[in-house]
Amino acid sequence: MPNYRVAVIGRTGRGNYGHGLDVVWLQIPNAQIVAVADENDAGRNAAQKRLGAKNAYADYRQMLQKERPQIVSVADRHLDSHRDMVIACAQAGASIFLEKPICRTLQEADEIVAACEKHHVKLAIAHQTRYSPRLQRVKDLIADGRIGDLMELRGRGKEDARAGGEDLMVLGTHILDLMRFLGGDARSCFAQVGVVGKEHVAPITKADLREGGEGMGLIAGNHINAVYGFDRGVTGHFSSFRVTRGKGEQDRFGLTIHGTRGVIQLTTGSLPACYYLSDPSWFPGRSRANWQPITSAGLGKEETLKDGGLGQGNVWIVQDLIQAIERDRQPKGSVYDGRAALEMIHAVYESARTRAEVAMPLRNRRHPLANFG
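This structure is a prediction, so every number in the text was calculated from the model and none was measured.

Caption draft 1: Region of the structure containing the pattern of salt bridges. Under the definition given, this model contains 28 salt bridges. Across the pair Arg50 and Asp22 runs a salt bridge whose closest N-O atoms are separated by 2.8 Å. Of this pair, Arg50 sits in helix H1 (residues 41-51) while Asp22 sits in the loop between strand S1 (4-9) and strand S2 (31-37), placing them 28 residues apart in sequence. Looking at Asp22, the relative accessible area reads 5%, which means it is buried. Residue Glu159 is joined to Arg156 by a salt bridge in which the shortest nitrogen-to-oxygen separation is 2.8 Å. Residue class for Arg156 comes out partly exposed when judged on its relative accessible area of 26%.

Caption draft 2: Just empty space enclosed by the protein, in detail. With the rule as written, the count across this model stands at one cavity of 30 Å³ or more. For the lining of the largest cavity, the secondary-structure elements that each account for two or more residues are helix H6 (165-170), strand S11 (218-219) and helix H10 (335-354). Of the residues assigned to the lining of the largest cavity, the class counts are seven nonpolar, three polar and one charged.

Caption draft 3: Broad picture of the side chain of His258. Among the structural elements, His258 can be located in strand S14 (residues 254-259). Assessed through its relative accessible area of 10%, His258 is described here as buried.

Caption draft 4: Structural detail: the layout of surface pockets. Within this model, the largest pocket holds a volume of roughly 380 Å³. Split by residue class, the lining of the largest pocket holds six nonpolar, 10 polar and six charged. Within this model, the second largest pocket holds a volume of roughly 260 Å³. Around the second largest pocket sit 16 residues that line it, and Ala191, Gln192, Val193, Pro203 and Ile204 are the ones nearest its centre.

Caption draft 5: Structural detail: the packing of helix H2 (residues 60-67) against helix H3 (residues 82-91). Their axes nearest at 10 Å, the elements H2 and H3 cross at an angle of 10°. In this view, H2 runs roughly parallel relative to H3, as classed from their interaxial angle. Two secondary-structure elements touch here, H2 through Tyr60, Arg61 and Leu64 and H3 through Asp84, Met85, Ala88 and Cys89. Taken together, the residues that form the contact of H2 with H3 break down as five nonpolar, no polar and two charged.

Caption draft 6: View of the nonpolar core. Counting 86 residues, the largest nonpolar core has Met179, Tyr228, Ile257 and Ile264 as its most contacted members. In this structure Ile257 touches Val138, Ile142, Ile147, Leu150, Glu152, Leu153, Leu182, Gly262, Val263, Ile264 and Leu266, once residues within four positions along its chain are discounted. Formed by 27 residues, the second largest nonpolar core is a distinct cluster that contains Val6, Ala31, Ala53 and Trp316.

Reading the values: rules and limits
- Here the residue numbers are simple positions, counted from 1 along each chain's written sequence.
- Under the rules for a predicted model, residues below a pLDDT of 70 receive no local features and side-chain atom pairs below 80 are neither given nor counted, while totals for whole chains, interfaces and linings still include all residues.
- To get the side-chain values, all heavy atoms of the structure are used, and hydrogens and water are removed first.
- Should a side-chain nitrogen of Lys or Arg be within 4 Å of a carboxyl oxygen of Asp or Glu, the pair is scored as a salt bridge.
- Here a helix means four or more residues in a row that DSSP labels H or I, a strand means two or more in a row labelled E, and each is numbered from the N terminus.
- Exposure is judged per residue with a 1.4 Å probe applied to protein chains only, and the accessible area is read against the type maximum: over 50% gives exposed, under 20% gives buried, and values in between give partly exposed.
- Using a grid of 1 Å spacing that covers the protein atoms alone, one calls a set of points a cavity when a 1.4 Å probe fits there but cannot get out, and a pocket when the set is open and has protein on both sides within 12 Å along at least five of seven lines; lining residues are those with an atom within 4 Å of a point.
- Grid points are joined across faces, edges and corners, and a volume is the space filled by probe spheres set on the points.
- Amino acids outside the nonpolar list (Ala, Val, Leu, Ile, Met, Phe, Trp, Tyr, Cys, Pro) and the charged list (Asp, Glu, Lys, Arg) are all regarded as polar, and Gly is one of them.
- What counts as an axis is a line fitted to C-alpha atoms, over the stretch in contact for a helix, and the angles between N-to-C directions run from 0 to 180 degrees.
- If an angle is under 35 degrees, it is roughly parallel; if it is over 145, roughly antiparallel; if it lies from 65 to 115, roughly perpendicular; otherwise it is oblique.
- Contact definition: two residues touch when any of their heavy atoms are within 4.5 Å.
- Put simply, buried Ala, Val, Leu, Ile, Met, Phe, Trp, Tyr and Cys residues joined by side-chain atoms within 4.5 Å make one nonpolar core.

Quick look at the structure:
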């Protein structure tokens, strides 16, 4: 089993080290963290100590040139440098484990894809739920016809203080990635993006555009309804509303899968909550049908794995990334999947901008809100 030279890029105070994309390598026996890069002095010193890295750099480009790592965790949560960091890694011949979302615009995503292809490196995006054995059981149940014909995929964001545009970008990327994992590529999108007023929801105007957090670029709206068209007549829905009564947080964050014979509900994570309802009416209050848990062992069976949270999900991602490098295949959550999730996000704004249904892939590769109004 070959040993891999691994480096980590973080930005203390400007995205930090993501959701554990730095420390995951401490759990991989055939990986050695040789260096860390962080423009912040205190953060860099802390990371070097935390990771046991021999060397530390203020400039990630200098680190890549001197250390020549085989894999790099681009852990920074802020998106404004994702494109530059990933392309620099690819040019240095390093494969990448990248914090989600992939970047700010489809133009940047296209450049990332081109760089990975040109330099023959792999990129895994931090959509941890893709790697969950429970999600595979969900996919198996759908393939076996337990919910009948797939009809609808309904997802919601966390609908906390970020509800609307920021929720769509930061959390929606997970839900939209799950939609694609189960339903294939979206072919179209029609969306309404608005601002909740005292009496009604007003469509966004140019005055409603704002810079989102985490360096994500332009966002808009606190009330989003998006409808996606998939193959075979399957419909996908994503919504995120600013909560005025009741609770936001994680209560509704997840995906519901409707079929002609039943329903599956799931959240996100390495071992997400998953339940199956055998009820073609989708009305358990009337049918008295019981929800059955879906575990890594199967439908209605006891869970045999310990829930390790995002950390466990990260381990599964990097293990798959290493295997993808060795077998010359794409990771389960590849650079193409990261770009496709961003495309579903930007289709929402392109539809809101044109006030029409838009075909996917999008012809407009710039940020749709940059041309708004």
